[in-house]
Amino acid sequence: MRILFLLLAIIAVGSMAAIGIFIAEQNVVMIFVSLLLTIGTMGLGFVLKARLRKQA
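Every chain is numbered independently, its residues counted from 1 as its sequence is written. Side-chain atom pairs in this predicted model are given and counted only at pLDDT of 80 or more, local residue features only at pLDDT of at least 70, and totals for whole chains, interfaces and linings cover all residues. Only hydrogens and water are set aside when side-chain values are computed; all heavy atoms of the structure are taken into account.

Attention shifts here to helix H1 (residues 2-25). Helix length check: H1 (24 residues) gives 35 Å between terminal C-alpha atoms against 34 Å at 1.5 Å per residue, within 8%. Throughout, exposure labels follow a simple rule: accessible area from a 1.4 Å probe, protein chains only, divided by the maximum for the residue type, with under 20% read as buried, over 50% as exposed, and the rest as partly exposed. Segments assigned H or I by DSSP are reported as helices when at least four residues long, segments assigned E as strands when at least two residues long, and all are numbered from the N terminus. For H1, the complete set of buried residues consists of Leu8, Ala12, Ser15, Ala18, Ile19 and Phe22. On its buried side, H1 packs onto helix H2 (28-55). Phi for glutamine 26, located one or two positions after H1, is positive at around 60 degrees. What a helix is expected to span follows from its residue count: subtract one and scale by 1.5 Å. Here, two residues are considered to be in contact whenever any of their heavy atoms come within 4.5 Å of each other.

This is how it looks when you write it as structure tokens:
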């Protein structure tokens, strides 16, 4: 389970970095895609963490 959290964290950080890159390139569509990926990844991580705490 911890590897899944590590993967989610890496994806979230990568998509945050991509937001900055796409802002520099002025690519609005990819900014929104990266933003949605960041929100989705972090949301999934929080949901999984909450489920894990409920089970314990």
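On we go from here.
The next thing to look at is H2. An ideal rise of 1.5 Å per residue puts 40 Å on 28 residues; H2 measures up with 41 Å between its terminal C-alpha atoms. Among the residues of H2, Ile31, Ser34, Thr38, Thr41, Gly45 and Leu48 are the ones counted as buried. For H2, the elements touching its buried residues are H1.

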